Structures are given as structure tokens and as C-alpha cells.
There are 2 protein chains.
Amino acid sequence: MNPGSIRLYSYWRSSAAYRVRIALNLKGMPYETLPVHLARGEQHKAPFSDLNPQELVPVLLHGSRILRQSMAIMEYLDETWPTPPLMPTTARDRQRVRALAQMIACDIHPLNNLRVLQFFENTWNVPQAERDAWVRHWMQVGFEALEDTLADNPSTGTFCDGEMPTMADCCLVPQVYNAVRFGVDLAPYRTIRRINDACLALEAFEAARPENQPDAPVGN
Amino acid sequence: MNPGSIRLYSYWRSSAAYRVRIALNLKGMPYETLPVHLARGEQHKAPFSDLNPQELVPVLLHGSRILRQSMAIMEYLDETWPTPPLMPTTARDRQRVRALAQMIACDIHPLNNLRVLQFFENTWNVPQAERDAWVRHWMQVGFEALEDTLADNPSTGTFCDGEMPTMADCCLVPQVYNAVRFGVDLAPYRTIRRINDACLALEAFEAARPENQPDAPVGN
């Protein structure tokens, strides 16, 4: 299997990029990291903004193909290199895994993204403490629902779905990283914590951690 | 083909439910509408809140299966009843369609959802005019990127991808409906408008429109 050239536009702290790093590692795909410094606004400038009109990371280059949107990229990786799979086999289980991933990638993360926090700071002059409270609020609302959904379902195993990491776990771990960063109390989310720990014990997740990226600042 | 019992928890104005209504109609699947009155807070009360800990519509019941998250539901419909397809056939084109859908379903819609606007009103006391400006801002940011992506790509056809409506169109049309509702000037988005018009000429899209739902108020 020759995967061709895989290059990932990434930022060490971007949780959407983190998802794709995990997925690539789970597939055992070597890739080159092309850092985009979000805090310095590099996503809004050429050459990156020419690759993605949304001016968001990640972007994955597979040879000359330009692939955007983290969940769509993970589906592509799974369709193109099916082994090991990132998704279960039945339509029912696949629906569940996608729904878990989307609970995070649609209903938690976009509300807390850098561009949203910058809008609050620059347009509405929302103080830092209230911006942080906003972030924690949506993480808590989302994690409560996610914990209910995971704890209450026999399909939940060592990982979000059974005994194999899936796209849902690729979304979960970066979101937990963000929650810790913003000081969310994770004590009530027992199943989320258990799954997060199981994931981080795997080399694929460990290597994808923000602090292990080439663009992470020294002593971050 | 006997699809079994299909019931959709929906709200006439919910754009996430609107997506699934279109998908069901494109598949030619008969379904029963179970209205959840979001403006009256019915999503936060049993029995609905027992079905979905996220307290969001849509929820699709397929027999005894409880399916959540609109994009994950559409993928399930497409895997379970493949004809007519909601997705193109190659991994590359599927990636593009999912990315287009996610540009809307991750990066526009969740920012403008009812619960977010209620947070601004009730927690931060943001005036109506600024809340509306927030909504328009993210729609404009999102539509600019979407227009660039669609206008600039030979894969774009009568619809978002080629000559067949896909999951991307199921997301596009409800978002345009929202944009019109909030007074976004659509003049700059020529390709988006053209595709929206092509979709609404189809019976599947027409029947899914908010004003054609059983829970739409008379003379809305």
C-alpha cells in the first residue's frame, strides 16, 4: 500500500486538526505536518487561505487533492484505506458513531472555536471571564448529553463504540483536552474520562497530542 | 421494500429537521411527523428529552431504533436504502459532499441555533439587533466560503455535486431559508442561489419546506 504523499495543515492546539492526526496515526499513515499558526492569524493569509476559503484547519493534502473538514477527512481516510477501520460495520452502529462524533464536532466545538472567542473579544468586548464561562457552559451541556448517551448504551465498550477506536474517539479525546484547558470539572463524566484514558494509552493517540507536535512551543 | 415504521421528531422551522425531511422525501420514504414545539421548550421535557439527551431535533425513529444528529441520520438512510443515492460514488466526491454539508452543519448552523440565541438573550442580555447581527455575520462568513468552494470547482453542477441532489443540498436549502429569514443579502452568492432554486423546483424539497409542515402556524 503506497498512500502517496500525505500532508496535514495543522496547529498544535486545534482540536479539529488533532482529530485527523489521531485518525492518520490509527491508520498507520506517515504524514508531513505543515503548521499554520492560528494565534498569529496565518489561516487568514495566502498561501493557506487559498487552500481553504473557510480559513480553518485542518486541510489534508493527498497528492494533489485538497481535503477539508475533519469529519469528512476521516471518512475519506476510512474509505480509501479501510484497514484498520475507523467505523463499525453495521449501518446502525455507524449511525451511532457518527452521531457521537457530531455531538462534539457540531454542537460543542464550533461554539468554542478561536474565531468565535475573537468575535466576543473584539466585537462585543466580552470580558475574558465571561468568554471562559461561555466555553465551559457549552462543554458542560455537551458532555452531560454525551455522558448520558455513552453510559446508557450497551454498545459502549472500552471505547465509544465497542473494543476498537472509531471516529467518535478521534473527536472525544481532543474535546476532553480542550475541557481540561478551560478548567471544566470532569468529575461528573465518568464514562468520558474512562474512554479518554483508554485512548491515551494507545500510541496513536499519544503521538497526536498537542504537546507532541512539531509546532508546540517549548515548555508549553 | 418495506421501510418499517419511520417517525420524525421535527419542528417546522428547525433547519436540522428540514435536512432530514428533504432526505426522506428524496428517498421516497413515507414518514410520520411528530412535532416538538421548540419555541415552547418541548425539547427540554419528557417524553422528548428521554429520547435525546441533547434536547435537540431531529430524532428519527426507525422501528425501535432511536437515531440522532441530522447528518448521521442522512448517512444511515443512504446506507439502509441506497436508491436513489444521497451521495456520489467515489471517495473523493463523497469527501467533497460531506465537507460541503459540514461547512453548513458544523460551522454555520450551530452558532445560530435557538439555544445560542436564548443564551445571549437570557444570560448576557444581548439586544435583539446585536443577536440578529451575530446570526447574519456567521451566515455571511459561511456563505462566502461556500460560494467560493462551489463556484470554483468543476464538480459543481446543477446541484452542489453534479446532476443529482446530495446530502450537501439537503443542508444548503435549509440554511438559505434561515438566511432569508434573518435578512441576509444573498446577492453576492450567485451559485448558492442557483443551486437553491434548482432544489426547490423538486417536489422532495418543496414538500419539506417549513411552511408545508403540519405544525406550521396558519398564515406563518
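About the thresholds
Residues numbered from 1 in each chain as written. Chains lettered and ligands numbered in written order. Predicted model: local features only at pLDDT ≥ 70, side-chain atom pairs only at ≥ 80, totals over all residues. Heavy atoms only, no water. Helix = DSSP H or I, 4+ residues; strand = E, 2+ residues; numbered from the N terminus. Rg over C-alpha atoms; globule rule 2.2 N^0.38 Å. Buried < 20%, exposed > 50% of the residue type's maximum accessible area, 1.4 Å probe, protein only. Contact = heavy atoms within 4.5 Å. Areas by Shrake-Rupley, 256 points an atom, 1.4 Å probe, with all protein chains shown as cover. Lys, Arg positive; Asp, Glu negative; His and termini not counted. Charge placed at Lys NZ, Arg CZ, Asp CG, Glu CD. Buried area = accessible area lost by both parts, 1.4 Å probe. Salt bridge = Lys/Arg side-chain N within 4 Å of Asp/Glu carboxyl O. Least-squares fit on C-alpha atoms with pLDDT ≥ 70 in both. Core = buried A, V, L, I, M, F, W, Y, C linked by side-chain atoms within 4.5 Å. UniProt positions renumbered as here; feature names shortened; annotations may be inferred. Pairing = 2+ DSSP bridges. Axes fitted to C-alpha atoms, helices over the stretch in contact; angles between N-to-C directions. Domains from an automatic or database assignment. Nonpolar A, V, L, I, M, F, W, Y, C, P; charged D, E, K, R; others polar.

Draft legend 1. Geometry of the overall build of chain A. A tally of regular secondary structure across chain A gives nine helices and four strands. Order of helices (α) and strands (β) in chain A, N terminus to C terminus: β-α-β-α-β-β-α-α-α-α-α-α-α. For 220 residues, the compact-globule estimate of 2.2 N^0.38 gives 17 Å, and the C-alpha radius of gyration of chain A, at 17 Å, lies within 12% of that figure. Across its three principal directions, the C-alpha atoms of chain A cover 45 × 45 × 35 Å. Taking all 220 residues of chain A together, 60% fall into the buried category. Restricting the contact set of chain A to residue pairs at least 6 apart, pairs at least 24 apart contribute 69%. Just so you have it, chain A exposes about 8800 Å², and 49% of that area is on carbon and sulfur atoms. Across chain A, the 21 positively charged side chains and the 25 negatively charged ones have centroids separated by 3 Å.

Draft legend 2. Main features of the interface of chain A and chain B. At the junction of the two partners, chain A supplies 41 residues and chain B supplies 41 residues. When chain A packs against chain B, the two sides together hide about 4000 Å² of surface, and 63% of this comes from carbon and sulfur. The largest per-residue losses of area from chain A upon contact with chain B belong to Q95(A), R115(A) and W124(A), which jointly make up 16% of the total buried on that side. Counting across the interface, chain A meets chain B through six salt bridges. Here R94(B) ties to E79(A) by a salt bridge, and the two come within 2.9 Å at their closest N and O atoms.

Draft legend 3. Local environment of the relation of the copies chain A and chain B. For the pair chain A and chain B, the relating rotation is 180 degrees, the translation along its axis is 0.0 Å, and the fit reaches an RMSD of 0.0 Å. Both copies are brought into coincidence by an operation consistent with a two-fold rotation axis. In terms of proximity to the rotation axis, the leading residue of chain A is C106(A), whose C-alpha is 2.2 Å off the axis. A shared binding surface is used by both copies, with 100% of the interface residues of chain A retained as interface residues in chain B.

Draft legend 4. Just the nonpolar core, in detail. Among the nonpolar cores identified, the biggest contains 152 residues, and F120(A), W134(A), F120(B) and W134(B) are the most heavily contacted of them. Beyond its immediate sequence surroundings of up to four residues, W134(A) is in contact with L111(A), N112(A), V116(A), L117(A), F120(A), V116(B), F119(B), F120(B) and W124(B).

Draft legend 5. Highlighting the UniProt feature "domain: GST N-terminal" (unreviewed entry) in chain A. Summarizing the sequence annotation, UniProt attributes the feature "domain: GST N-terminal" (unreviewed entry) to residues 4-85 of chain A in the numbering used throughout. Counting secondary structure, residues 4-85 of chain A comes out at 34% helix and 21% strand; the distance between its end C-alpha atoms is 19 Å.

Draft legend 6. Seen up close, the sheet that holds strand β4 (residues 65-68) of chain B. Residues and elements named next belong to chain B. If you walk across this open sheet you meet the four strands as β2-β1-β3-β4, and the pairing is mixed. What marks the edges here is a single partner per strand, and that holds for β2 (32-35) and β4. Mean inter-strand twist for the sheet, computed between neighbouring axes without regard to direction, equals 25 degrees. Note that strand β3 (residues 59-62) and β4 share four bridges and pair antiparallel. By the bridge assignment for β4, L60 is matched with L67.

Draft legend 7. Expanded view of the domain arrangement of chain A. All names here are of chain A. Domain assignment breaks chain A into domain 1 (6-84 + 206-212) and domain 2 (91-202). Each of domain 1 and domain 2 has a C-alpha centre, and the two are 19 Å apart. Taken together, the contacts link 19 residues of domain 1 with 21 residues of domain 2. Between domain 1 and domain 2, roughly 1800 Å² of surface is buried when both sides are summed, and carbon and sulfur atoms account for 63% of that area. Among the residues of domain 1 in contact with domain 2, R13, R19 and M71 are the three that bury the most area, contributing 32% of the side total. E75 is the salt-bridge partner of R98, the closest N and O atoms lying 2.6 Å from each other. Elements that contribute at least two residues to the side of domain 1 that touches domain 2 include exactly α1 (15-27) and α3 (70-80). When residues of the side of domain 1 that touches domain 2 are assigned to their parent elements, the largest contribution, seven residues, is made by α1. Partitioned by chemical class, the residues of the side of domain 1 that touches domain 2 number eleven nonpolar, two polar and six charged.

Draft legend 8. Inspection of the environment of L67(B) at higher detail. By the element assignment, L67(B) lies in strand β4. Residue classification places L67(B) among the buried residues on the basis of a relative accessible area of 2%. The spacing of L67(B) and T158(B) is 91 residues in sequence and 31 Å in space, taken between C-alpha atoms. When near neighbours in sequence (up to four residues on either side) are disregarded, L67(B) contacts Q95(A), P58(B), V59(B), L60(B), H62(B), I73(B) and Y76(B).

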